[in-house]
Amino acid sequence: MASSSRPENQQSQYKYDVFLSFRGEDTRKSFVDHLHDHLWQRGIMAFRDDHFQDLQRGKCIKTEILRAIEQSRLVLVIFSENYASSTWCLEEVAVAVEYKDIKEGSVIPIFYMVDPSDIRKLKGNFGRGFAKTEEAYLGNKGDIKRWKDALRKVAGLAGIELKDGYETKFIQQIIGEIENKPGPQLSYFVDNLVGIHSRVANVVEQLCLGESDVRSIGIWGMGGIGKTTVARAVYDRICGKFDDGSSFLANVREISKKNGLAYLQNHFLGDILQENNLIIRDDHRGANMIRERLRRKKVLLILDDVDEKEQLEKLAGDFDWFGRGSRIIITTRDQHLLLQYGVNAIYKAEVLSIDEAFQLLCLKAFRSRHPPAGFEKLVKQVVGYADGLPLGLDILGSFLANRSLRQWKSELDRLKECPERKIIDLLRLSYDGLQQKEKEIFLDVACFFRGKEKTYVTEVLNNCGFYPDIGMEVLVHRSLIEIRDNKLWMHDLLQEMAWEIVRQESPEEPGERSRVWLFEDVCHILSKNSGTGKVKGIVLQSGDRRTVCLNPESFTNMTNLRLLDVRALHLSSGVKHLSNELCLLTWDSCNLMSFPPSFLPKNLLELNMQDSLLCSLWRGEKMQVLEKLKVINLNGSELFTEAPNFINFPNLERLMLKGCKALSHIHPSIGILERLCLLDLSDCVNLRRLPDSVGNLKSLKDLNLSGCLNLEELPESIGGLDCLEELDISESAMTHLPSSLTFLKNLKKLCFRVCKGRRQNFWRALTCMLRRALNSGYPRLPSFSGLSSLIELDMSGCSLLEGEIPSDIGCLPSLRSLDLAENSFTTIPASIKHISSLEFLTLSHCKNLEVLPTLPESIIFVEVDKCLRLERISNPFIICTVPDSGFCFTNCSGLLPQDLGLTLEQKYSLSLLRYTICCSTRFPDTYVVSPCRKGKIPEWFIYQTDGTLLSIDMSPNWFHDRWRGFAICAFFERNNYNSCLDQENAHFIFCDLCVDGNWLDPTVKFPIRFVNSGCLWLGYVSSLLFPADTNWRGSKHIDVSLRITNPVLKVEKCGVHLVYEQHPADFDDFLVRWSSSSPRDWDSIYQEFRQPTKGNIISIPSTLRNLFKMHEGVVSCGVCKFLADLENPGGRSYAALLYVYWNPGRLRQLSPQDLLKGFSRRSLMNR
């Protein structure tokens, strides 16, 4: 935090904490004087009417005092015997009642030697005093009633009463009442700080001041983030609550090193004991004195900027050093110190928000909350550079104050090359306290690994000998790095500080620095051969693929290079030397054909050389075993012909040779790789066989052989891959499949997709394989019964004929995704309905498919495209009973809307309206869309019109208590024909209502994704969406206007129906009058929606268990008209598209519990 003018919040409206209303002749020089003095001592700003020096000359004193009531947070009405004898006092209490919310405790009655009942009932001496005032008053008699009412209300509040006893104890009780009042905080110095109030409130909450035990908390964060400022603000706010004393020990780190801990102990005890003659020469004796002298005292201690455990041990050794109710606050950059001490809670100091940072910089630079014209962009750039760090904003804002635009621009340019020294020096204190290996880790993260996965970086640095498991934890505790979603992050200015540390190693020559990351510096080192043994890492950004010409000696002198990650460095000739200290080698597009003979990197963890010209890896007898090597990635290395002898890489975990087109075989030694979990040989077009030893890869989880056009068989041993989860053998040349394939019990993903040239023979091979697995000597259908873990199955392009899909496909209990596209069957086995987990089914280009069978209720999305013979859906009403599913039927010319038995045209429109209304109680943007060939609004919509604006003259008695809202209906047509339907983009329909010429807020917005021409849309607008003071009862005219964001569509017609709450029987009668069939399932849904819930638990009716799997019910089906084929005038003019959509399938991962907690549709769509 940094200083600024007072923020504009609720706190700023109060000039005083307390206004004292009292009868001067009773209490001014006695009780009120003592009370006022105690309030000021506790830092509570109190106003009393003898502060005439605070009032401007010439102003009415009475007016100013009444204004002071308004500007005070609390009003203390001190009732005494003669209080009612003063019209001034009576006016003060009346104004207090009028200006303050007495129910919230803003007015506190103090009964000083007076009975509260005498005030309420105006009896006794108090009542007689009021009667005399009433008799003598010559002003407005209405004031008398105001005063009486005010006295009665205030005297009826719970107050503090003094009849007999010590005034000091009475005053302490009053002060305690004031300090414990909720609401805007009392006045303290932080009123001129940006963003401080919420941070102070968080710390105070964790202090638990109402508890009587000793408690400590830590304020932890990076340097310059405002820890001290927050601690100071908290101290100033609460120090008055500690009667035995408080102490703020600032700069503990610096002072203890300069003057010793005994100096701080002396300061601490002097603050608490108020003794100026204490002399502590030995910090051990000082620790004993603190424990002996303070163990019965309730104190507040702030230890600011602690960096060593000894400081805590000698200043606040243990909780039993202090009396009950004591509080200890420690600020530090090192979280581990707080954990060692055993604090009760840790508050992590946060950077300023963008708005707070913008405000602070403007206040520092311009003494205003807004920048002058022309400075806006520059201010944003400085805010971005400081990245919310208060110290940076304070220093830069002060430096840029009163400077011109040109000077601002010059400073920003300078900062890009040379960071502000004051900021760097303060931040470096944390770095200087690290051990050497921790410094190495910090600099590596800042220069190379920011944003990388922690697991990956830990592995690399562990191979470098840096012990990153403990080292990274130290950096986290010191607030130098953070772990977010398992990725390494650090503040921008900390990274700037690290870069500057490296630059200062050799300001002029990059080849003398330990780390190089800028392309220009890399180019300089490699082209001029200026690299030395000091260079430990060269890492370029992943997107930088510029070319550098190297000479053979470029790496010769860099003997300590351990990290080399470059992208597109061009070699003019071979490299004679590479460092044997390399732990990471990433060199894409490298034109080396082989490694230098001397290159034997015993610490190498990863070898990444994609798209290289390598023909082979290491050869010869001198080759050493690289025990640490875990990754080899040679993807796209088209000249790579010879797989290595894997005996030299016994701990390899990932082998990626995708697109190595010259590779024809794999070395049999691959079977020794007990840790190999990924083997990618996809697009190795010349690979002809796999060694039998592949079956020994007991840890292999992913085997990719797709695109291996010459690979005709798998070894029988593949059945021994116990851990295999993914197998892709698509678009290969396989004519033989091992029977052991069915033994892969953990297989989750299996892809059989076939390249077009081999499509006819593939399934025959699969059938033969499964027959052999079943020891069958005669033809029978294959079985999938052994693949119990299978989640995803792709059999697209296999040209399967009728009956060639296994009839027991329903025995796959875990299957979620099934792709049967581009096959030739006419039906699908009925057992598909038993796949209880199936969510996605693809049937595109199945040109012979005639019937879609009954599908499981777990289904989410079905895609049917160009299935020209499809004529029937076995269970069409699943479209209604499973609203988290989507059915997309495109270019299915044999399927018409009536085949579904579901439209909005009369038959189910009222039932669907009921469903929509019920859903809208929880999900306001529920809507229904269906095909509508006739283009008519249902007849029961009494108000209808062409176009988008409907004007309604309301009947005199239209409004009564049972009215609930409006049903809105619209028919869509296409503006201009476009064969590329705009289904994928999200569009909206906006509904505006105007009542007697006044347009209402808010505009009601419905998503209409996947809505097309020829669709009828139905939505519900609840009256609860509009302001409570809307004058519905007296309205005579209502206009309804519809707008749509999809430029391809237009609203051809619209209708409005007034919705009233009805008894179910009445609704059924209404339904029968307008519908041609019974309401079917919608009535049971409606009845169950009406069932009350208990407590805060949302009950889910049995028929709705699937309904709310995804969050809301949205059904959308559309028939798109298209122009008749000019060459075939008799062709059908409907059914180019039928689309039914219930919620996006991408949301399938959310549980019903998550969704019922109130996720909005908008947030779900972003998941």
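Procedures and definitions
Residues numbered from 1 in each chain as written. Predicted model: local features only at pLDDT ≥ 70, side-chain atom pairs only at ≥ 80, totals over all residues. Heavy atoms only, no water. Helix = DSSP H or I, 4+ residues; strand = E, 2+ residues; numbered from the N terminus. Polar contact = N/O pair within 3.5 Å; in protein donor to acceptor, adjacent residues only side chain to side chain. Contact = heavy atoms within 4.5 Å. Buried < 20%, exposed > 50% of the residue type's maximum accessible area, 1.4 Å probe, protein only. pLDDT = per-residue confidence, 0-100. Pairing = 2+ DSSP bridges. Core = buried A, V, L, I, M, F, W, Y, C linked by side-chain atoms within 4.5 Å.

## Describing the side chain of Ser 796
- Within the fold, Ser 796 resides in the loop between β26 (792-794) and β27 (817-819).
- Here the side chain of Ser 796 touches Asp 794 through a polar contact of 2.7 Å, side chain to side chain.
- Setting aside anything within four residues of it in sequence, one finds Ser 796 in contact with Arg 753, Val 754, Asp 819, Ala 821 and Asn 823.

## Some details on unusual backbone geometry
- For the peptide bond that leads from Asp 1001 to Pro 1002, omega is 5 degrees, which places it in the cis range.
- With respect to the element layout, Pro 1002 can be found in the loop between β38 (998-999) and β39 (1004-1007).
- One non-glycine residue, Cys 208, adopts positive backbone phi at about 50 degrees.
- In this structure, Cys 208 sits in the loop between α9 (196-207) and β6 (215-220).
- For Cys 208, a relative accessible area of 27% translates into the label partly exposed.
- Unlike most non-glycine residues, Glu 731 shows phi in positive territory, near 55 degrees.
- Within the secondary structure, Glu 731 sits in the loop between β24 (726-728) and β25 (749-751).
- What makes Glu 731 partly exposed here is its relative accessible area of 33%.

## Observations regarding the confidence of the model for the protein chain
- Residues at a pLDDT of 70 or more form 76% of the protein chain, whose mean pLDDT is 78.
- Taken element by element, the protein chain is modelled with least confidence in helix α32 (residues 1161-1165), mean pLDDT 27, and with most confidence in strand β22 (residues 678-680), mean pLDDT 97.
- Overall, residues 51-61 carries pLDDT values under 50, and its contacts beyond four positions in sequence, including any with other chains, amount to eight contacts.

## A short note on the sheet that holds strand β4 (residues 107-112)
- On the basis of which strands lie adjacent, the open sheet formed by five strands has the order β2-β1-β3-β4-β5 and parallel pairing. Strands at the two margins of the open sheet, each flanked by one partner only, are β2 (46-47) and β5 (160-162).
- As paired strands, strand β3 (residues 72-79) and β4 are joined by five bridges and run parallel to one another. What sits directly across from Val 75, in β4, is Val 107.

## Here's the deal with the nonpolar core
- Among the nonpolar cores identified, the biggest contains 106 residues, and Trp 587 and Trp 618 are the most heavily contacted of them.
- Those elements that place two or more of their residues in this core are α25 (519-528), β16 (563-566), β18 (584-587) and β30 (861-865).
- At four residues, the largest contribution of residues to this core is made by α25.
- Beyond its immediate stretch of four places on either side in the chain, Trp 618 contacts Phe 595, Phe 599, Leu 600, Pro 601, Leu 604, Leu 607, Met 623, Leu 626 and Phe 649.

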